[in-house]
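Each chain, letter by letter, is given below.
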Amino acid sequence: MPMGHTATAEAGSGGLTATEHRLANGLRVVLSEDHLTPVAAVCLWYDVGSRHEVEGRTGLAHLFEHLMFQGSRQVRGNGHFELVQGAGGSLNGTTSFERTNYFETMPAHQLELALWLEADRMGSLLAALDDESMENQRDVVKNERRQRYDNVPYGTAFERLTALAYPEGHPYHHTPIGSMADLDAATLDDARAFFRTYYAPNNAVLSVVGDIDPEQTLAWVEKYFGSIPSHDGKPAPRDGTLPDVIGEQLRQVVEEEVPARALMAAYRLPHDGTRACDAADLALTILGGGESSRLHNRLVRRDRTAVGAGFGLLRLAGAPSLGWLDVKTSAGVEVPEIETAVDEELARFAAEGPTAEEMERAQAQLEREWLDRLGTVAGRADELCRFAVLFGDPQLALTAVRRVLDVTADEVREVAAERLRPDNRAVLVYEPVKGADGDPTDSDDEEGTDQ
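First, a word on what this report is: a plain description of the structure on this page. (Residues numbered from 1 in each chain as written. Predicted model: local features only at pLDDT ≥ 70, side-chain atom pairs only at ≥ 80, totals over all residues. Heavy atoms only, no water.)

1. A word on the overall build of the protein chain
Here comes step 1: Along the protein chain, the regular secondary structure elements total 15 helices and eleven strands.
Here comes step 2: For 451 residues, the compact-globule formula gives about 22 Å, and the C-alpha radius of gyration of the protein chain, at 23 Å, lands near that figure.
Here comes step 3: The principal-axis extents of the C-alpha atoms in the protein chain amount to approximately 65 × 50 × 40 Å.
Here comes step 4: In the protein chain, of all internal contacts separated by at least 6 residues, the share reaching a separation of at least 24 is 78%.
Here comes step 5: Distance between charge centres in the protein chain, computed from 43 positive and 75 negative side chains, equals 2 Å. (Helix = DSSP H or I, 4+ residues; strand = E, 2+ residues; numbered from the N terminus. Rg over C-alpha atoms; globule rule 2.2 N^0.38 Å. Contact = heavy atoms within 4.5 Å. Lys, Arg positive; Asp, Glu negative; His and termini not counted. Charge placed at Lys NZ, Arg CZ, Asp CG, Glu CD.)

Structure (structure tokens):
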């Protein structure tokens, strides 16, 4: 099968470049040379996430991520892990609302092995997929749900707030972990159909970054991926469009064994890939991005009503992004006191906007985070895939920070005034379960979930 090249495109930032290619079967390939260290990163993004799932089969995208490590035609059982780690490499996979990705970082001379492994499971996973591997990974995912969501303090917050912020029937209403009932209901035939539909070369982007020879790398990609057939039956994802503002405050109180009261909220914000989303990112960084932020200074340092206060952005391309507020109260402090202070700070910010110093600090912080991501071969490979899959152009990864640095203080104030309002948020209030003596029960569990 001949390699169908697109015109090679190059864009740079800080000396970084990327070239784009396409195989005849539709696989998009992005290469970025970096000879600083003798390592190479392989990253494969499939354009499938929980937003592609249908009612009654939630969690299938995440379950399939696990099944991809259960063997393929030439790599049995746990062989993918064993071969990569035995060659001195590291690997993993993750699932989100919008994509599933798989990645390895290898010594440069082991790059061919990583490409062969990814191609073998893309091309032949169904040869190894059986009831035993299905049951095995179903149990693993259910146990992961227990450990990360159901049995840790505040563990269900992400799931609860997502369900509030996105209405019933919306493709982002459920999270990638899926429900226990749907995980139980998934069949081997469901998994096979899911693979045939989404795990095709024309639904994927492969990036290779690091100490590589581009010509040799492309030859290996053609050798191992070129004969995998494309698939044209993929349905379009359901429409994630929603009004800019929710229109009312949605609220839920949760009584659980948690170490402290908590106020969490999700605000509906602009889609990723827009200038308004970059402005929102700067607004949340100024308001709640670290110990120099306004909310930390007000609640933790000045009022001492909270032990922690953060405000971050969950960027989403196919639906409104979410501004994620998380405040843990100090002992004896009631949530309404916290909520009043938060609303005062947000109203003041919406009226006055950021200071020049706050803008400079926030832009520097986001620039540093961007440089950190592009500074490792694995981080750059992931960013190139992200911009290729979600926005059609991997080159945007190399210029993303310029767009953040172009945003003005007026734009930051404007997005805060339009979106960071009480009628545009879903609110979750955690109240500790009271013991027989009227005091909250103690809990030694660590806080947190990993999304």
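2. Things to note about the sheet that holds strand E8 (residues 262–269)
Here comes step 1: Pairing within the open sheet is mixed, and its five strands lie in the order E7-E11-E8-E10-E9. Strand pairing shows two members of the sheet lacking a second neighbour, strand E7 (250–256) and strand E9 (306–314), which therefore form its edges. For this sheet, the mean inter-axis angle between neighbouring strands, taken without regard to orientation, is 15°.
Here comes step 2: With respect to the sheet, helix H11 (residues 335–352) is in contact with E7, E8, E9, strand E10 (321–329) and strand E11 (425–432), its orientation differing from that of E8 by roughly 35°. (Pairing = 2+ DSSP bridges. Axes fitted to C-alpha atoms, helices over the stretch in contact; angles between N-to-C directions.)

3. Observations concerning the side chain of Asp47
Here comes step 1: Its location among the elements puts Asp47 in the loop between strand E3 (39–46) and helix H1 (60–67).
Here comes step 2: The class for Asp47 is buried, based on a relative accessible area of 18%.
Here comes step 3: A polar contact of 3.0 Å, which involves the side chain of Asp47, links it to the side chain of Lys234. (Buried < 20%, exposed > 50% of the residue type's maximum accessible area, 1.4 Å probe, protein only. Polar contact = N/O pair within 3.5 Å; in protein donor to acceptor, adjacent residues only side chain to side chain.)

4. Re the pattern of salt bridges
When their charged atoms lie close together, side chains carrying opposite charge are able to pair.
Here comes step 1: Throughout the structure, instances matching the rule amount to 35 salt bridges.
Here comes step 2: The salt bridge involving Asp34 is made with Arg380; its shortest N-O contact spans 2.7 Å. Placement of Asp34 in the loop between strand E2 (28–33) and E3 and of Arg380 in helix H13 (residues 377–391) is noted, with a sequence separation of 346 residues between them. For the pair formed by Asp34 and Arg380, the shared burial category is buried. (Salt bridge = Lys/Arg side-chain N within 4 Å of Asp/Glu carboxyl O.)

5. Describing the layout of surface pockets
Here comes step 1: When its volume is computed, the second largest pocket comes out at roughly 330 Å³.
Here comes step 2: What lines the second largest pocket is a set of 17 residues, and nearest its centre among them are Glu55, Thr58, Glu168, His173 and His174.
Here comes step 3: The class makeup of the residues in the lining of the second largest pocket is two nonpolar, eight polar and seven charged. (1 Å grid on protein atoms, 1.4 Å probe; cavity = no way out; pocket = protein on both sides within 12 Å on 5 of 7 lines; lining within 4 Å. Points joined across faces, edges and corners; volume = space filled by probe spheres on them. Nonpolar A, V, L, I, M, F, W, Y, C, P; charged D, E, K, R; others polar.)

6. Notes on the packing of aromatic side chains
The way to describe two aromatic rings as a pair is by their centre distance and the angle between their planes.
Here comes step 1: Applying the stated criterion across every chain, the model contains 17 aromatic pairs.
Here comes step 2: Judged by centre distance (6.0 Å) and plane angle (55°), the rings of Phe97 and Phe158 are tilted. With a gap of 61 residues between them, Phe97 in the loop between strand E4 (90–95) and strand E5 (100–107) and Phe158 in helix H5 (residues 157–165) connect regions that are remote in the sequence.
Here comes step 3: Three or more aromatic residues link up through ring pairs in this structure, and these residues are Tyr46, Phe64, Phe69, Phe81, Tyr102, Phe194, Phe195, Tyr198 and Tyr199.
Here comes step 4: If you follow Arg121 out to its NZ or CZ, it ends over the ring of Phe69, 4.5 Å from the centre.
Here comes step 5: Above the face of the Phe387 ring, Arg386 is positioned so that its terminal group lies 4.6 Å from the ring centre. (Phe/Tyr/Trp six-rings, centres within 6.5 Å; stacked < 30°, edge-to-face > 60°. Lys NZ or Arg CZ within 6 Å of the ring centre and 35° of its normal.)

7. Regarding empty space enclosed by the protein
Here comes step 1: One pass over the full model with this rule turns up two cavities of 30 Å³ or more.
Here comes step 2: Within this model, the largest cavity holds a volume of roughly 70 Å³.
Here comes step 3: What lines the largest cavity is simply Thr285, Ile286, Gly289, Ser292, Ser293, Arg294, Glu358, Arg361, Ala362 and Gln365.
Here comes step 4: Mapped onto the lining of the largest cavity, the elements with two or more residues apiece are helix H9 (275–288) and helix H12 (356–375).
Here comes step 5: For the lining of the largest cavity, the element with the highest residue contribution is H12, accounting for four residues.
Here comes step 6: Of the residues assigned to the lining of the largest cavity, the class counts are two nonpolar, five polar and three charged.
Here comes step 7: Computed from the structure, the second largest cavity encloses a volume of approximately 30 Å³.
Here comes step 8: Lining the second largest cavity, in full, are Met68, Phe69, Gln70, Gly71, Ser72, Val75, His80 and Arg121.
Here comes step 9: Considering only residue class, the lining of the second largest cavity consists of three nonpolar, four polar and one charged.

In short, geometric facts, not functional conclusions.
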